[in-house]
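So the chains spell out like this:
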Amino acid sequence: MDRAASGSAGERRRAAGSVAGVSEPGQDSATPAPESSNTSTPARCPVAHQSQRPAPESASAPDPGEDTAPMQPVQPTADDPADPADLDLVQRPASRSGRLVRKARAAVTTGGRVAAGVGGAVVGRVRPAVAAGRSKLIAAAAKRAVAWQTKRGRSPLALLPASATMPLRRNGLDPLPELSAMRADTPVAKLPLPFGVNVFLVSGYQQAKQVLADTETFSNDFANIAADESLVAAIGGNAEEKDPGGLGMADPPDHTRLRKILTPEFTMRRLSRLTPRLQEIVEAQLDEMEQRYIRSGGKPVDLCELFSLPIPSLAICELLGVPYEDREAFQRLSVARFDLFAGAGASLGAISESLDYLMGVVAQQRKEPGDGLLGMIIREHGDSISDRELAGLADGILVGGFETTASMIALGALVLLRDPLTRDRIGNDPKAIAPFVEELLRYLTVVQVAFPRFARIDSEVDGVHIGKGDVVLVSLSAADRDPALLADEKPAKNGAAGKPGGATDLGSAEPDRAHLDRIDLDRIDLDHVDPDRAPTKHLAFGYGAHRCIGAELGRMELRIAYPALVKRFPNLRLATPPEDLDYRQTSIVYGVEKLPVLLN
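Throughout this description, residue numbers start from 1 for each chain and increase along the sequence as written. Per-residue local features of the predicted model are confined to residues with pLDDT of at least 70, and side-chain atom pairs are confined, for both listing and counting, to 80 or more; whole-chain, interface and lining totals are unaffected and use all residues. Where side-chain values are given, they derive from all heavy atoms of the structure, hydrogens and water being excluded.

1. Considering the sheet that holds strand S6 (residues 199-202)
Either a parallel or an antiparallel arrangement is found when strands of a sheet pair, and the pairing is made through backbone hydrogen bonds. Going by this rule: Strands qualify as paired when DSSP identifies two bridges or more between them. Elements are defined by DSSP. Helices are runs of H or I of four residues or more, strands are runs of E of two residues or more, and each kind is numbered from the N terminus. Residue contacts are defined here by distance: any two heavy atoms, one from each residue, within 4.5 Å place the two residues in contact. Axis lines are fitted to C-alpha atoms, over the contacting stretch for helices. Their N-to-C directions set the angle, which ranges from 0 to 180 degrees.
Taken together, 5 strands build an open sheet; the order of strands is S5-S6-S12-S9-S7 and the sheet is mixed. Every other strand in the sheet has two partners, leaving strand S5 (188-190) and strand S7 (218-219) as the edge strands with one partner each. When strand S9 (residues 453-455) meets strand S12 (residues 471-474), the two strands line up antiparallel, connected through 2 bridges. By the bridge assignment for S12, Arg453 is matched with Val472. Helix-sheet contacts for helix H6 (residues 205-213) involve S5, S6, S7, S9 and S12, and the interaxial angle to S12 is about 125°.

2. A short note on the side chain of Thr165
This is how the line gets drawn: Relative accessibility thresholds used throughout: buried, under 20% of the residue-type maximum; exposed, over 50%; partly exposed, between the two (1.4 Å probe, protein chains only).
For Thr165, the location among the structural elements is in helix H4 (residues 162-165). Residue classification places Thr165 among the buried positions, given a relative accessible area of 9%.

3. Some points on the packing of helix H17 (residues 387-418) against helix H18 (residues 420-428)
Using the following cut-off: Angles are sorted into four bins: roughly parallel if under 35 degrees, roughly antiparallel if over 145, roughly perpendicular if 65 to 115, and oblique for all others. Charged means Asp, Glu, Lys or Arg here, nonpolar means Ala, Val, Leu, Ile, Met, Phe, Trp, Tyr, Cys or Pro, and polar covers whatever is left, Gly included.
Their axes nearest at 5 Å, the elements H17 and H18 cross at an angle of 115°. One finds that H17 runs roughly perpendicular with respect to H18. Contacts between H17 and H18 involve Leu416, Leu417 and Arg418 on the former and, on the latter, Pro420, Thr422, Arg423 and Ile426. In terms of residue class, the contact of H17 with H18 is made up of 4 nonpolar, 1 polar and 2 charged.

4. Overview of the pattern of salt bridges
Applied cut-off: Salt bridge, as applied in this entry: a Lys or Arg side-chain nitrogen positioned within 4 Å of an Asp or Glu carboxyl oxygen.
The final tally for this structure, using the stated rule, is 24 salt bridges. Here Arg273 and Glu265 are joined by a salt bridge, their closest N and O atoms 3.3 Å apart. On the accessibility criterion, Arg273 (47% relative accessible area) is partly exposed. For Glu265, a relative accessible area of 7% corresponds to the buried category. The salt bridge partner of Arg568 is Asp287, with a shortest N-O separation of 2.9 Å. Taken together, the residues span a long stretch of sequence, with Arg568 in helix H22 (residues 551-568) and Asp287 in helix H11 (residues 275-295) at a distance of 281 residues. Accessibility expressed as a relative area gives 32% for Asp287, which makes it partly exposed.

5. Looking at H18
Our working definition: The arc refers to the directions leading from the helix axis to the C-beta atoms.
Listing the buried residues of H18 in full gives Thr422, Arg423, Ile426 and Gly427. One side of H18 holds all its buried residues, which, seen down the axis, span an arc of 135°. Across H18 from its buried face, at more than 90 degrees, point the exposed residues Leu421 and Asn428. Lining the buried residues of H18 we find H17, helix H19 (433-444) and H22.

6. Brief notes about the nonpolar core
Operational definition: To form a nonpolar core, buried Ala, Val, Leu, Ile, Met, Phe, Trp, Tyr and Cys residues must be joined to one another through side-chain atoms within 4.5 Å.
Residues Met289 and Phe307 are the most contacted members of the largest nonpolar core, which totals 88 residues. Looking at this core element by element, the count peaks at 16 residues for H17. Ignoring sequence-local partners within four residues, the contact set of Met289 consists of Val301, Leu303, Leu306, Phe307, Phe569, Val597 and Leu599.

7. Observations concerning the packing of aromatic side chains
So the rule is basically this: Pairing of aromatic rings covers Phe, Tyr and Trp, the last counted by its six-membered ring, and requires centre-to-centre distances within 6.5 Å; plane angles under 30 degrees mean stacked, over 60 mean edge-to-face, and any other angle means tilted.
Per the counting criterion, the structure on display carries 2 aromatic pairs. Between the aromatic rings of Phe436 and Tyr562, the centroid separation amounts to 6.0 Å while the plane-to-plane angle is 70°, which identifies the pairing as edge-to-face. Here Phe436, found in helix H19, pairs with Tyr562, found in helix H22; they are 126 residues apart in sequence, far enough to count as distant. Each member of the pair, Phe436 together with Tyr562, is buried. The interplanar angle of 10° and the centroid separation of 5.7 Å between the aromatic rings of Tyr583 and Tyr590 together place this pair among those described as stacked.

8. Here's the deal with H19
As a reminder of what qualifies: Every helix has an expected span of 1.5 Å times one less than the residues it contains.
Between its first and last C-alpha, H19 extends 16 Å over 12 residues, near the 16 Å set by a 1.5 Å rise per residue. Taken across its 12 residues, H19 has 10 buried, putting it largely inside the fold. Residues Ile433, Phe436, Val437, Glu438, Glu439, Leu440, Leu441, Arg442, Tyr443 and Leu444 constitute the buried set of H19. Here the buried face of H19 lies against strand S3 (170-171), strand S4 (174-175), H17, H18 and H22. Of the residues trailing H19, Thr445 is marked for its positive phi of about 35°.

9. Observations regarding the pairing of S12
Taken residue by residue, a regular strand's side chains alternate between the two faces of the sheet. Where S6 lies against S12, 4 bridges are found, and the strand directions are parallel. Residue pairing for S12: Leu201 is matched across the bridge by Leu473.

10. Some thoughts on unusual backbone geometry
Pro252 connects to Pro253 through a cis peptide bond whose omega is 5°. Within the secondary structure layout, Pro253 lies in the loop between helix H8 (229-234) and helix H9 (254-262). In this structure, Thr445 takes a positive phi of about 35° despite not being glycine. By secondary structure assignment, the location of Thr445 is in the loop between H19 and S9. Note on Thr445: relative accessible area 2%, which makes it buried. Although it is not a glycine, Asp462 adopts a positive phi angle of roughly 55°. Turning to its location among the elements, Asp462 is positioned in the loop between strand S10 (459-461) and strand S11 (464-466).

11. A word on the packing of H11 against helix H13 (residues 310-320)
Any two packed helices are characterised by how steeply their axes cross, that is the angle between the axes, and by the distance between the axes. To be explicit about the condition: Rotating anticlockwise by less than a right angle from the far helix to the near helix defines a left-handed crossing, while the corresponding clockwise rotation defines a right-handed one.
The geometry of H11 relative to H13 is characterised by a closest axis approach of 10 Å and an angle of 150° between their N-to-C directions. Here H11 lies roughly antiparallel to H13, going by the angle between them. Note on packing geometry: the crossing formed by H11 with H13 is right-handed. On the side of H11, the interface is formed by Arg277, Leu278, Ile281, Val282 and Gln285, while H13 contributes Pro310, Ile311, Leu314, Ala315 and Glu318. By residue class, the composition of the contact of H11 with H13 is 7 nonpolar, 1 polar and 2 charged.

Below is the structure:
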């Protein structure tokens, strides 16, 4: 059915803001279909349709060490009636960490009943104290629960129901069917998180653009985490030490000032000087693959180790002027910061370690400015940018530009290995390369979720109320599979689409309904790679003021790497069945751990 004819989005989803992954007391709700790798049968949205009985676990195996204890509903009693403010805490793991949360809730509920029995004039004075006490108790419970899970060698993500981690999990290269179902049914939905944290997931394309473009309503500033005791507890405390700095978690005017410093170095004209060096890097890594293969007597080689990881490492080191000898250290830190299996605290801890390393690099550059980006900034801007700010900028480029491009090269190579016709075309037709890269960026969208946004004020997104202080996550991988993406593609005289590759448009995020009416949305297939698809305004690099500043560098690397790989090794093939590949689950940047190949 044409989405444009299905009624107002606000009317259809006005009540979606109350969705918390559990049913209201007394409300009947259908049990969602189990997750499956078979996408032919539409899956029901696990958040919009989840009852108090938990949904079946995903068909994909749980993360190693994950707490798989069943989720037990907390039943209201005569002495402890259900508190509407605690509906997002109804489901908790039947484990010690779950009991910690229940104890906190019991103490908070008791305090609330005492306050309710006091005279009206006193209640007004008691309620703020009770609210503050509730926040501190829940934060303490969160901190203890996370610490307990970590001490047992288990992921803090085990504290969450499967539907809360759904945006970070996939079946192979594809987002889970349940995520697509959520996008179609409730493109703005509240996630079922414990500890009283209100988090909304945006999975629709137009809704994602609205949130990402609106810096007045939504903030990226890390200070929002430091100001919330529950969020500080979730990251393991010491918020100030874990502030990543840089552009990703900064708001205007600081963001505007810092981005203005970097922008001149990331224009196509400036980056074009790197093209010969990038070609040298790619050819050198292909030589290394071939030599390793010959030395081993024809045994499989790991494309990740020898190709997808070194290329962006060398490119970023070349750009920044960072010693390449240190590449193993920042490769390790890059993987750790995006992998949430060990919890948000471990991820931010890796960022802190990375910044410590880069502070040393900046100090050295202050003494002897080199020819790279860091030396250029120091020469041109001097003391107007602090060492901490410069280290944060370098961290965003060094680590962000490394892991995302490495994953794109590896997963893009996997797509080519599964499609011999496209592989031959990329190796023989230079005109096919750029459109193929854009389609891969859309299809893979390796950055699964954008930096969190924090609501500055009460607002609405697609008819759903977002309260001041609430957290909003944008699922980029879901948005880039939304048929509404094509509503942005204005027909051109030559049949080409609009601006390629997610070109930034800070205007209205409303779809072009007239154009959308001419699209049969039921026949659109964005769940497969189409090398002939015209470039789309995908969100692989984000959107709006925080769109990835290194997007063009990433494109350059992909446009050089893919054709060079298939030209050098036209008979390249996987050395293991695709279903046996080890994908990086619950990671903000999706990827594969190893990609064993035979060169033949």
